[in-house]
Amino acid sequence: MATTLITGGTVVSATGRGAADILIDGERIVALLEPGSTVLGANLAATADTVIDATGKYVVPGGIDAHTHMSMPFGGTTAADDFETGTRAAAWGGTTTIIDFAVQKFGERLQDSLQTWHEMAAGQCAIDYGFHQIVGDVDKASLQALRDLPGEGITSFKLFMAYPGVFYSDDAQILRAMQVGADTGLMTMMHAENGPAIDVLVSQLLEQGKTDPYYHGIARAWQLEEEATHRAIMLADLTGAPLYVVHVSAKQAVAQLASARDRGRNVFGETCPQYLYLSLEDQLGAPGFEGAKWVCSTPLRSKHEHHQDHMWQALRTNDVQMVATDHCPFCMKGQKDMGVGDFSKIPNGIGSVEHRMDLMYQGVVDGKITLERWVEITSTTPARMFGLYGRKGVLAPGADADVVVYDPAGHTSIGLGKTHHMNMDHSAWEGYEIDGRVDTVLSRGKVVVGGGEYRGRKGDGRFVRRDPCQYLI
Ligand code: URP
Ligand code: ZN
Ligand code: ZN
């Protein structure tokens with residue numbers, strides 16, 4: 001098998017950093033060595049098949065984006081990135097594993113939806129991928145089918161308290177599904193917004209002629225995120241199911257999570273870069289129809305209420321455990337523009353899979369999180385949360401050689417025509433400047449990005465079977 005030596009860099013983990021060389025044999029890491037080590041008298045740099053010079057750079061475990069929606073059918077259209085384009089963009093940005101959502105539509109057999117997702121992804125991906133299961137129709141059959149998921153390497157499912165008539169589950173359905181979660185160890189992932197109440201506000205706003213994208217954020221008030229988060233926590237509490245709340249944006253929802261965790265509950269929260277950097281006023285409230293680029297749910301929150309600062313703080317204090325993208329891209333032309341004159345018809349979603357590692361690294365530069373915390377929230381915790389740790393999320397002997405060499409002296413300009421390989425006609429991050437750069441990306445030992453080029457191929461990525469959550473308290 002071919003050997004690779006990554007030499008001269010500073011290896012960063014969730015718990016520390018230090019100078020070390022990394023020796024890779026084939027797809028796996030075999031050793032972390034003192035810089036310049038020899039083995040049986042042999043100079044490794046002279047004997048390795050490939051040597052990657054990481055002098056002056058950080059060497060970190062490949063990013064794990066645990067929330068993506070490739071080719072998701074949603075809002076009357078389909079997310080613009082498929083597994084080929086989306087995973088290639090992820091690789092460019094230093095993400096070496098995604099966990100995507102298989103979508104069970106109403107009336108569909110859960111097993112069939114999972115099969116569809118396998119067929120869509122197989123042979124298409126640049127990097128490794130796993131699945132969560134969306135349960136869009138909680139009934140006897142799907143509850144029974146959930147019990148087979150761990151045997152399929154899928155250890156989490158997602159329910160929606162929002163989107164009535166589409167993916168929505170009522171409290172009775174949530175309770176039953178969580179009972180299965182408690183029984184099987186499957187993680188319940190929750191989209192926590194009070195959908196029926198949102199729908200009332202949406203129709204009232206539209207009746208008043210308030211049709212601009214900005215009103216998407218007004219209709220999806222933080223009270224409805226806090227209320228749903230609280231309700232989900234209480235139902236999880238009752239059943240004993242572990243709970244993971246996706247795309248948390250409101251500081252009040254964070255407080256609910258923190259209070260449950262203070263009571264020793266297995267309750268976890270994920271946020272996304274958009275809730276750390278962007279706001280209701282500056283993006284959703286952009287002139288004309290421009291704000292449609294940032295229509296996503298949960299929505300961007302008011303900068304005057306300082307949700308964004310609170311979210312950075314929650315990342316520091318571990319009240320929020322990790323950052324995923326909720327990558328669900330839609331083009332302005334032909335997709336987002338379906339909602340001109342009616343914000344409720346704008347497909348919900350933002351594309352960020354390529355930029356998560358950079359955007360979160362900027363948090364290190366800005367003094368909002370430490371370098372180690374960057375690794376933890378983008379890779380190590382996602383691996384532990386979703387049963388990949390040991391193989392992914394860590395640079396250690398035996399782990400997959402998913403490695404990112406990150407250059408702190410580099411620079412990244414984000415935007416269409418700059419760093420942008422996602423299948424979108426705009427960027428939600430246009431104009432963002434990052435004081436760092438993804439230099440080299442290895443996926444199971446193969447350099448997929450290096451020297452400013454994409455060197456991978458579709459089909460490099462494999463389906464990864466996941467174990468149960470490794471983060472329970
Ligand atoms: O706006 C969003 N988040 N779109 C994707 C679907 C979801 O709710 O996660
Ligand atoms: Zn959601
Ligand atoms: Zn999502």
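This is a predicted model, so every value here is computed, not measured.

Caption draft 1: Geometry of the coordination of the zinc ion (ligand 2). The zinc ion (ligand 2) binds to the protein through Lys158 (NZ), His191 (ND1) and His247 (NE2), with metal-donor distances spanning 2.1 to 2.5 Å. Counting along the primary sequence, the residues that act as donors to the zinc ion (ligand 2) give the motif K-x32-H-x55-H. In this structure, the zinc ion (ligand 2) is positioned 3.8 Å from the zinc ion (ligand 3). A residue pair is termed long-range when its members are at least 10 positions apart, and Lys158 in strand S15 (residues 156-160) and His191 in strand S16 (residues 187-191) qualify at 33 residues. There is no split in this pair, since Lys158 and His191 are both buried.

Caption draft 2: Representation of the UniProt feature "modified residue: N6-carboxylysine" (unreviewed entry) in the chain in the model. Here, the residues flagged by UniProt with the feature "modified residue: N6-carboxylysine" (unreviewed entry) are Lys158. Relative accessible area serves as the criterion here: at 2%, Lys158 is assigned to the buried category.

Caption draft 3: Local environment of the coordination of the zinc ion (ligand 3). Distances from the zinc ion (ligand 3) to its protein donors, His67 (NE2), His69 (NE2) and Asp326 (OD), fall at 1.9 to 2.2 Å. Geometry at the zinc ion (ligand 3) is irregular, judged from its four donor atoms and the angles of 85 to 141° they form at the metal.

Caption draft 4: Representation of the pattern of salt bridges. Applying the stated criterion across every chain yields a total of 25 salt bridges. Residues Glu27 and Arg444 are paired through a salt bridge, measuring 3.2 Å at the closest nitrogen-oxygen approach. Of this pair, Glu27 sits in the loop between strand S4 (21-25) and strand S5 (28-33) while Arg444 sits in the loop between strand S23 (437-443) and strand S24 (446-450), placing them 417 residues apart in sequence. Overall, Glu27 belongs to the partly exposed group, its relative accessible area being 29%. The buried category is assigned to Arg444, whose relative accessible area is 9%. For Arg231, the salt bridge goes to Glu227, with nearest N and O atoms at 2.7 Å. Of this pair, Arg231 and Glu227 both sit in helix H8 (residues 222-239), four residues apart, which is roughly one turn of that helix. Assessed through its relative accessible area of 30%, Glu227 is described here as partly exposed.

Cut-offs used in this document
- Residues numbered from 1 in each chain as written.
- Chains lettered and ligands numbered in written order.
- Predicted model: local features only at pLDDT ≥ 70, side-chain atom pairs only at ≥ 80, totals over all residues.
- Heavy atoms only, no water.
- Donors = N, O, S within 2.8 Å, 3.2 Å for Na, K, Ca; no water.
- Helix = DSSP H or I, 4+ residues; strand = E, 2+ residues; numbered from the N terminus.
- Buried < 20%, exposed > 50% of the residue type's maximum accessible area, 1.4 Å probe, protein only.
- UniProt positions renumbered as here; feature names shortened; annotations may be inferred.
- Tetrahedral: all angles 85-135°; square planar, octahedral: opposite > 155°, others 65-115°.
- Salt bridge = Lys/Arg side-chain N within 4 Å of Asp/Glu carboxyl O.

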